[in-house]
Amino acid sequence: MTSDITERAWTPGQDGSWDLATSYRLCESFVAGQVLADLADHDDRIAVLTADLKFSNRTRDFELRHPDRFVNTGICEQNMVSMAAGMATCGYVPYVATFASFIGLLCAEQIRTDLAYPNLPVRIIAHHTGISLGFYGTSHHATEDIGITRSIANLTVLGPADAVSLGEALRQTVDVEGPVYFRIGRGRDEDVYGRTGARFEFGRLTTLREGTDAAIVATGVTLAPALRAAEELAREGVSVAVVDAHTLRPFDAEGLCELASRVPRILVAEEHNVYTGLASACADALVDGGVGGVRLHRLGLPVDEYALIGPPTRLYEHYDLDTAGIVRRMRNLLA
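The present account deals with the structure reproduced in this document. Worth saying up front: this structure is predicted, and the values here are computed from it rather than measured. (Residues numbered from 1 in each chain as written. Predicted model: local features only at pLDDT ≥ 70, side-chain atom pairs only at ≥ 80, totals over all residues. Heavy atoms only, no water.)

### With respect to the pattern of salt bridges
Which entries qualify depends on this criterion: What counts as a salt bridge is simple: a side-chain nitrogen of Lys or Arg found within 4 Å of a carboxyl oxygen of Asp or Glu. Helical segments are the DSSP runs of H or I of at least four residues, strand segments are the runs of E of at least two, and each set is numbered from the N terminus. Any residue under 20% of the maximum accessible area for its type is buried, any over 50% is exposed, and the rest in between are partly exposed; the area is computed with a 1.4 Å probe on protein chains only.
A full pass over the atoms with the stated rule returns 20 salt bridges. In this structure, Glu-210 and Arg-262 form a salt bridge, with 3.7 Å as the shortest nitrogen-oxygen distance. Taken together, the residues Glu-210 in the loop between strand E7 (206-209) and strand E8 (214-218) and Arg-262 in the loop between helix H11 (253-260) and strand E11 (265-273) connect sequence positions 52 residues apart. What makes Arg-262 partly exposed here is its relative accessible area of 35%. Here Glu-317 makes a salt bridge to Arg-314, at a shortest N to O gap of 3.6 Å. Here Arg-314 and Glu-317 lie together in helix H13 (residues 312-318), a separation of three residues that amounts to about one turn. The partly exposed category is assigned to Glu-317, whose relative accessible area is 42%.

Written out as structure tokens, the structure reads:
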């Protein structure tokens with residue numbers, strides 16, 4: 001089932017009943033509805049569409065303030081993308097929001113043909129990426145969407161890690177030419193930018209922590225555990241830089257090559273297949289930039305393997321995408 005009621009499956013109440021209101025409040029890093037509502041106060045072009053998930057992704061926040069520019073299309077994601085394309089030809093800047101497995105995979109043809117080919121300013125909010133809908137299984141896992149979207153001409157791709165970076169990503173791309181794909185988590189993402197004071201800049205790698213022995217390049221849900229892993233390794237005398245690759249396309253190849261000139265080892269952590277995603281973007285940048293002497297390790301979902309089914313936190317642990325797993329992989333890389 002792919003409707004708002006799925007949110008109830010996340011937070012049972014003390015009496016065993018499903019508490020939609022509590023679950024909604026827990027999605028505190030889903031700030032897109034609020035940010036877009038703020039932007040729409042001064043920009044009549046902005047509209048929001050969702051496929052029956054306005055509570056799960058909190059686009060309800062936008063509907064409450066701008067009901068005349070909010071459309072719940074029901075469970076018809078492909079039609080929603082095509083509707084947004086039509087709205088864009090009439091002067092709107094539509095934001096469409098639904099599960100990443102549906103919009104990034106099911107709607108790949110509509111994204112390519114209806115949005116990217118005519119280069120229309122439709123913005124795609126793909127939430128619950130990777131394996132964050134763990135129990136729902138393969139049909140709801142999105143571990144190939146970076147590879148798909150990065151290969152589509154005219155399409156900008158971003159992977160914000162928390163509420164601060166998502167808000168900045170939305171604000172800084174309102175007037176970007178062509179369609180934009182925002183790859184975001186499940187709404188319970190830890191604060192990273194607010195804690196570190198880092199500054200989000202569209203199109204550039206963001207360094208959250210300096211280091212000289214190695215670097216972790218992360219995106220999305222892997223950024224917070226990467227930072228904690230670096231802090232743990234620092235207590236062992238290992239200096240590890242942490243870099244957020246939030247802009248996946250256009251990728252900051254120059255910034256990556258500059259990082260590689262300062263550290264001998266790079267671990268790339270992503271909630272995605274280890275091929276065609278962030279690690280592949282990094283490998284391409286290093287090869288094309290003629291950078292040698294750097295050892296790159298890929299950490300993500302194994303190639304030719306579909307993710308297991310289970311609670312997201314247990315899946316992150318299983319695939320070494322938690323703090324302990326990243327520490328373990330970095331120790332192996334440094335050995």
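### Some details on helix H10 (residues 223-234)
Worth spelling out the cut-off: One less than the residue count of a helix, multiplied by 1.5 Å, gives the span that helix is expected to have. Contact definition: two residues touch when any of their heavy atoms are within 4.5 Å.
With twelve residues, H10 should cover 16 Å at 1.5 Å per step; its first-to-last C-alpha distance of 17 Å lies within 8% of that length. Of the positions making up H10, those classed as buried are Leu-223, Ala-224, Pro-225, Ala-226, Leu-227, Ala-229, Ala-230 and Leu-233. Contacts from the buried residues of H10 go to helix H9 (193-196), E7, E8, strand E9 (240-244) and helix H14 (323-334).

### A look at the layout of surface pockets
The test is simple: Using a grid of 1 Å spacing that covers the protein atoms alone, one calls a set of points a cavity when a 1.4 Å probe fits there but cannot get out, and a pocket when the set is open and has protein on both sides within 12 Å along at least five of seven lines; lining residues are those with an atom within 4 Å of a point. Grid points are joined across faces, edges and corners, and a volume is the space filled by probe spheres set on the points.
Approximately 310 Å³ is the volume found for the largest pocket. In terms of lining, the largest pocket is formed by 21 residues, of which the most central are Glu-190, Val-221, Pro-225, Arg-228 and Tyr-316. Only H10 and H13 provide two or more residues apiece to the lining of the largest pocket. Of all the elements, H10 adds the most residues to the lining of the largest pocket, at four residues.

### Examining H14
Here H14 contains twelve residues, and its C-alpha end-to-end distance of 16 Å stays within 8% of the 16 Å for a straight helix at 1.5 Å per residue. Summarising the contacts, the buried residues of H14 are in contact with E8, H10, E9, E11 and strand E12 (295-301).

### Overview of the nonpolar core
Grouped burial of nonpolar side chains is what soluble globular proteins tend to show. Threshold: In this description, a nonpolar core means a group of buried Ala, Val, Leu, Ile, Met, Phe, Trp, Tyr and Cys residues linked to one another through side-chain atoms lying within 4.5 Å.
In terms of nonpolar packing, the biggest core is built from 58 residues, with Tyr-95 and Ile-216 touching the most fellow members. Dropping the residues within four chain positions of it, Ile-216 is found in contact with Ala-226, Ala-229, Val-240, Ala-241, Val-242, Val-243, Leu-267, Ala-269, Ile-326 and Met-330. Judged by nonpolar contacts, the second largest core, of 46 residues, contains Ala-47, Leu-49, Val-122 and Ala-126.

### Some remarks on the side chain of Thr-173
On the secondary structure map, Thr-173 appears in the loop between helix H8 (163-172) and strand E6 (180-183). With sequence-adjacent residues up to four places away left out, Thr-173 is seen in contact with Arg-123, Leu-158, Phe-182 and Phe-202.

### Thoughts on the sheet that holds strand E4 (residues 123-127)
The pairing of strands in a sheet happens through backbone hydrogen bonds and is either parallel or antiparallel. The test is simple: DSSP bridges decide pairing: two strands pair if at least two such bridges lie between them. For helices, the fitted line uses only the C-alpha atoms of the stretch in contact; every axis is such a line through C-alpha atoms, and the angle between N-to-C directions lies from 0 to 180 degrees.
Ordered by their spatial adjacency, seven strands build an open sheet running E2-E1-E3-E4-E6-E5-E10, and the pairing between neighbours is mixed. A strand with exactly one partner marks an edge of an open sheet, and here the two such strands are strand E2 (70-72) and strand E10 (247-249). This sheet shows a mean twist of 20° between the axes of neighbouring strands, independent of strand direction. Sheet topology places strand E3 (residues 93-99) next to E4; five bridges connect them, and they run parallel. Within E4, the residue paired with Tyr-95 across the bridge is Arg-123. Running over the sheet, helix H2 (residues 32-40) touches strand E1 (46-50), E3 and E4 and is turned about 155° from E1. Sheet strands in contact with helix H4 (residues 77-89) are E1, E2 and E3, and its direction is about 170° off that of E3.

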